[in-house]
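These are the residues of each chain, in order.
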Amino acid sequence: MPRLFLIDSFGFIFRAYHARARTGAPPMRTAAGTSTEAVYIFHNMVRKLRQSQKPEYLAAIFESEGPTFRDEAFEAYKANRTETPPDLLEQIPWIRKTLEAMQIPVLEYKGFEADDVIGTLARKGADEGLEVVIVSSDKDMLQLVNEHVRMLNPMKDDMMYDEAATEAYMGVKPSQVADLLALKGDSVDNIPGAPGIGDKGAKDLITRFGSVEGALEHAAEVERKMYRESLQNNRDIILLSKKLATIHTDVPVPLDLDALT
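For every chain, the first residue of the written sequence is number 1, and numbering continues from 1 onward in sequence order. Reporting of local features is limited, given that this is a predicted model, to residues whose pLDDT is at least 70; pairs of side-chain atoms are given and counted only at 80 or more, and all residues count toward the totals for whole chains, interfaces and linings. To obtain the side-chain values, all non-hydrogen atoms of the structure were used and water was disregarded.

1. Points about the nonpolar core
Core analysis: the largest hydrophobic core is formed by 54 residues, its most contacted members being L6, I61, I134, L183, L205 and L231. Whether two residues are in contact is decided by their heavy atoms, any of which lying within 4.5 Å being enough. Among residues more than four places away in sequence, those in contact with L205 are L183, I197, G210, V222, Y227 and L231. Residues belong to a common nonpolar core when they are buried Ala, Val, Leu, Ile, Met, Phe, Trp, Tyr or Cys residues joined through side-chain atoms within 4.5 Å. When a residue's accessible area, from a 1.4 Å probe over protein chains only, is under 20% of the maximum for its type it is buried; when over 50% it is exposed; and in between it is partly exposed. Membership of the second largest hydrophobic core comes to 27 residues, among which are M45, L88, I92 and L152.

2. Quick look at the environment of V222
In this structure, V222 sits in the loop between α10 (212-217) and α11 (225-233). With relative accessibility at 4%, the residue V222 sits in the buried group. The residues touching V222, leaving out its near neighbours within four places in the chain, are L205, R208, F209, Y227, R228 and L231. Where helices and strands are cited, they refer to DSSP runs of H or I of at least four residues and of E of at least two residues respectively, numbered from the N terminus.

3. A word on the layout of surface pockets
A probe matching the size of a water molecule, rolled over the atoms, marks out where space remains unfilled. Every definition here rests on a 1 Å grid over the protein atoms only: cavities are sets of points where a 1.4 Å probe fits but cannot get out, pockets are open sets enclosed by protein on both sides within 12 Å along at least five of seven lines, and lining residues have some atom within 4 Å of a point. Grid points are joined across faces, edges and corners, and a volume is the space filled by probe spheres set on the points. Put simply, the second largest pocket is a space of about 240 Å³. Together, 17 residues line the second largest pocket, and Q143, L144, P174, S175 and I247 are the ones closest to its centre. Elements supplying a minimum of two residues to the lining of the second largest pocket: α6 (114-127) and α8 (177-184). Element by element, the count of residues in the lining of the second largest pocket is highest for α6, at 4 residues. Polar here means any residue outside two lists: the nonpolar Ala, Val, Leu, Ile, Met, Phe, Trp, Tyr, Cys and Pro, and the charged Asp, Glu, Lys and Arg; Gly therefore counts as polar. Residue classes in the lining of the second largest pocket are distributed as 8 nonpolar, 5 polar and 4 charged.

4. Regarding the pairing of strand β2 (residues 57-61)
Moving residue by residue along a regular strand, the side chains alternate between the two faces of the sheet. Of all 5 residues that make up β2, 5 are buried, and the element is covered over most of its length. Strands pair, by our definition, only if DSSP identifies at least two bridges between them. Summarising the sheet, strand β1 (residues 3-8) and β2 pair through 5 bridges and their orientation is parallel. Looking across to β2, one finds that F5 is bridged to L58. In terms of strand pairing, β2 meets strand β3 (residues 106-107) through 2 bridges, oriented parallel. Within β3, the residue paired with A60 across the bridge is V106.

5. Regarding the packing of α8 against helix α9 (residues 199-209)
It is at 9 Å that the axes of α8 and α9 come closest, and there the two elements cross at 135 degrees. On the basis of their axis angle, the class for α8 and α9 is oblique. As α8 packs across α9, the resulting crossing turns out to be right-handed. On the side of α8, the interface is formed by D179, L180, L183 and K184, while α9 contributes D199, A202, K203, L205 and I206. Classifying every residue of the contact of α8 with α9 gives 5 nonpolar, no polar and 4 charged. Note on method: axes are straight lines fitted to C-alpha atoms, helices fitted across the in-contact stretch only, with angles between N-to-C directions ranging 0 to 180 degrees. With respect to orientation, any angle under 35 degrees is reported as roughly parallel, any angle over 145 as roughly antiparallel, any angle of 65 to 115 as roughly perpendicular, and every other angle as oblique. Left-handed is the label given to a crossing in which the near helix is rotated counterclockwise from the far helix by less than a right angle, and right-handed is the label when the rotation is clockwise.

6. A word on the pattern of salt bridges
A side chain with one charge may pair with a side chain of the opposite charge, provided their charged atoms come close. Criterion for a salt bridge: a side-chain nitrogen of Lys or Arg within 4 Å of a carboxyl oxygen of Asp or Glu. Summed over the entire model, instances satisfying the criterion amount to 12 salt bridges. A salt bridge links E56 to R3; the nearest nitrogen and oxygen atoms lie 3.8 Å apart. Separated by 53 residues along the polypeptide, E56 in the loop between α2 (37-53) and β2 and R3 in strand β1 bring together distant segments of the chain. Relative accessible area serves as the criterion here: at 37%, E56 is assigned to the partly exposed category. Salt-bridge contacts for D199 lead to K184; the nearest nitrogen and oxygen are separated by 2.9 Å.

7. Some remarks on the confidence of the model for the chain
For every residue, the predictor states its confidence as a pLDDT score lying anywhere from 0 to 100. For the chain, mean pLDDT is 91; residues scoring 70 or higher make up 95% of the total. Averaged over each element, pLDDT in the chain is lowest for helix α3 (residues 69-73) (65) and highest for strand β4 (residues 131-135) (98).

8. Regarding empty space enclosed by the protein
Enumeration according to the criterion identifies 2 cavities of 30 Å³ or more in this entry. Here the second largest cavity defines a volume of roughly 50 Å³. Per-element accounting of the lining of the second largest cavity gives the leading share, 3 residues, to helix α1 (residues 9-23). Considering only residue class, the lining of the second largest cavity consists of 4 nonpolar, 3 polar and 2 charged.

In structure tokens form, the structure reads like this:
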């Protein structure tokens, strides 16, 4: 089957930015003082991906500027994240130019995160009969995995996650990943989750009841008092957490295979 690769670009960019720092090597600069290490390493990473995987279709997905529907639903969404370093910000336009020179389309859609654009394109690609590979190290993306969609994690020696590998890693099925995050919360995106229910408790509840909604409906049947009361007393915040954790697959972005060749 023809393959469509969708790069979670900012995951690549941050990895490229921190890669040289981890080695202790001095920063790369032009004679004028412009930072170049993220551009250089990002280019090498994309070139390696293209040479090793030889995808028939390829796109780099970027975050859009401005607030998204998640910011409007929950003001503190992603409030824990630090500001992007200025020397990385100045390199992002050059990374875009690099992708243009490599003839790799840059895709984004205002009001939605890169995850939602990737989710939509993955769904549309699968509907077109393509094998879709999401290139990312973000565990949130694993909710998109199915028989036609896999995730390639370059941070783990190009580990390829299919449905079985996702369930082994996350402890729940791909279709339940958003439910898991909704209960246990996510400090990276500042998704609140259910107070007092951690990773193991969330896995047990989702495995037993199938979904967040199922756990809430059967909260009175939960033996452990802390979990039972958390479900009973925090219904609204738990449902909001699932809304924040769920990747949308209906963004009005077109799948133009000619442009992605």
